[in-house]
Amino acid sequence: YSCNLAEYCRIHNEALVVPGVVRQICKAWRQQERRAGVRIKPKPTLAASSLARFLKIESSSDPWHSCCLAVCVMAFFGLARLGEIISDSPPCWRDLSFDAHGVATIFLQRSKTDLTRCGAPISVSPEAWSKIVELLGPRSRSREGPIFVSNSGLGPTKAVFVRWLRNAHAIIGVEPLVGQAGHSPRRGGAQHLFNTGWSLDTIKVKGRWASDSWRKYINLNARVDAGITLKDPFIGILRRGVTPLLQ
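About the criteria used
Residues take numbers from 1 onward in each chain, read along the sequence in its written order. In keeping with the model being predicted, local features are shown solely for residues with a pLDDT of at least 70 and side-chain atom pairs are shown and tallied solely at 80 or more, while totals for entire chains, interfaces and linings include all residues. Excluding hydrogens and water, the side-chain values take into account all heavy atoms of the structure. Strands are runs of DSSP state E lasting at least two residues, helices are runs of H or I lasting at least four, and both sets are numbered from the N terminus onward. An expected span of 1.5 Å times one less than the residue number is assigned to each helix. A 1.4 Å probe rolled over the protein chains alone gives each residue an accessible area, and that area as a share of the maximum for its type sets the label: buried under 20%, exposed over 50%, partly exposed in between. Cavity and pocket criteria rest on a 1 Å grid covering protein atoms alone: a 1.4 Å probe that fits but cannot get out defines a cavity, protein on both sides within 12 Å along at least 5 of 7 lines defines an open pocket, and an atom within 4 Å of a point defines a lining residue. Grid points are joined across faces, edges and corners, and a volume is the space filled by probe spheres set on the points. Residue classes follow a fixed rule: Ala, Val, Leu, Ile, Met, Phe, Trp, Tyr, Cys and Pro count as nonpolar, while Asp, Glu, Lys and Arg count as charged, and any other residue, Gly among them, counts as polar. Two strands form a pair only when DSSP identifies at least two bridges running between them. Put simply, two rings from Phe, Tyr or Trp (the six-membered ring, in Trp's case) pair if the centres are within 6.5 Å, and we call them stacked under 30 degrees between planes, edge-to-face over 60, tilted for the rest. In plain words, nonpolar cores are sets of buried Ala, Val, Leu, Ile, Met, Phe, Trp, Tyr and Cys residues tied together by side-chain atoms within 4.5 Å.

Chemist: Can you explain helix H8 (residues 184-195)? Please cite residues and give values.
Modeler: Count 3.6 residues to each turn of an α-helix, and residues three or four apart come out pointing the same way. With 12 residues, H8 should cover 16 Å at 1.5 Å per step; its first-to-last C-alpha distance of 16 Å lies within 8% of that length. Burial analysis of H8 places 12 of its 12 residues in the buried class, which makes it a mostly covered element. Restricting attention to buried positions, one finds in H8 the residues Ser184, Pro185, Arg186, Arg187, Gly188, Gly189, Ala190, Gln191, His192, Leu193, Phe194 and Asn195. Backbone geometry just downstream of H8 places Gly197 in the positive-phi region, at approximately 105 degrees.

As structure tokens, this is what we get:
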């Protein structure tokens, strides 16, 4: 029964009933697979090229489009977990600050790897934050309450975001991969930073990973294939509308 439950969770990328127990079951199941020589397929990520094309969508019938896209940009460039942005205690404008260089930092009241419960920061470049404010529209001028809300004043749920993510792939003509869900932007952001020259240690710190689980998100051969190193990995997607990998 435990093996079947772990296999279900692995395939559907879901946590059931008791997340902590299920996580341990999945971990034990993966270890058993490795011992048996079973190759575990990497989880799908949001490609930087897909995010660039999302930003080019001029109109959408989905009322959540702009808000979910702002969440996606924050998760991608800030290496944020979806549960940190969309939660019962979402980040608010009072949690936002800027440094002398214009880097925007949102201080999370709680985070998965925040063992001391002192909070954790997630930061994005000035270009990324400008795009987020543009997507949020008039709601961003109030500077009150939660940051990531739609024009109705409500924030998206995880189910709404995942549905939007799959619909956005359909709009740009890309078939969403099986298992692509809320963690896809975080995984894609980590891969994109690596492709653009960031060191593995720096990516781990920025993503606030407490273990080495992040290593399975990154294809170490991608940087060699891309053959590039950029000083600012955000410019290619946000300013020119295309990714460095396509240039």
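What follows picks up the thread again.
Chemist: An account of the layout of surface pockets is requested, with residue identities and associated values reported.
Modeler: Over the atoms, a rolling probe the size of a water molecule traces out where space has been left empty. When its volume is computed, the second largest pocket comes out at roughly 240 Å³. Lining the second largest pocket we find 17 residues, and of these Ser66, Cys67, Glu134, Leu135 and Leu136 sit closest to its centre. Mapped by element, the contributors of at least two residues to the lining of the second largest pocket are helix H4 (65-78) and helix H6 (126-136). Residue composition of the lining of the second largest pocket, by class: nine nonpolar, five polar and three charged.

Chemist: Any chance you could break down the pairing of strand E2 (residues 104-108) for me, citing the residues and the numbers?
Modeler: Successive side chains on a regular strand alternate, one facing one side of the sheet and the next facing the other. Where burial is concerned, most of E2 is hidden: four out of the five residues are buried. Of the strand pairs in this sheet, strand E1 (residues 96-98) and E2 are connected by three bridges, and their pairing is antiparallel. Bridge pairing links Ser97 to Thr105 in E2. Here E1 folds back onto E2, and the loop between the two strands holds five residues, one of which, Gly102, carries a positive phi near 85 degrees.

Chemist: Account for H6, with residues named and values stated.
Modeler: The complete set of buried residues in H6 reads Glu127, Ala128, Trp129, Lys131, Ile132, Leu135 and Leu136. Where H6 ends, the next residue or the one after it, Gly137, has phi of about 70 degrees, a positive value.

Chemist: Please provide a residue-by-residue account of the packing of aromatic side chains, values included.
Modeler: On inspection of all chains with the given rule, the structure shows five aromatic pairs. Here Phe54 and Trp164 contribute two aromatic rings whose centre-to-centre distance is 5.6 Å and whose plane-to-plane angle is 70 degrees, an arrangement assigned as edge-to-face. Here Trp164 lies in helix H7 (residues 158-171) and Phe54 lies in helix H3 (residues 48-54), a separation of 110 residues in the sequence. Between the aromatic rings of Phe161 and Trp164, the centroid separation amounts to 5.5 Å while the plane-to-plane angle is 40 degrees, which identifies the pairing as tilted. Residue Phe161 and its partner Trp164 are located together in helix H7, separated by three residues, close to a single helical turn. For Phe161, a relative accessible area of 0% gives the class buried. Judged by its relative accessible area of 2%, Trp164 falls in the buried class. Each residue in the set Phe54, Phe161 and Trp164 is aromatic and connected to the rest through ring pairs, giving one cluster.

Chemist: Run through the nonpolar core, naming residues and quoting values.
Modeler: Residues Phe54, Trp129 and Phe148 are the most contacted members of the largest nonpolar core, which totals 41 residues. Of all the secondary structure elements, the ones that give two or more residues to this core are H3, H4, helix H5 (82-85), E2, strand E3 (120-124), H6 and H7. With 10 residues, H4 is the single largest residue contributor to this core. Among the nonpolar cores identified, the runner-up in size contains nine residues, and Ile203, Trp209, Tyr217 and Ile218 belong to it.

Function cannot be inferred from these measures alone, as they are strictly geometric.
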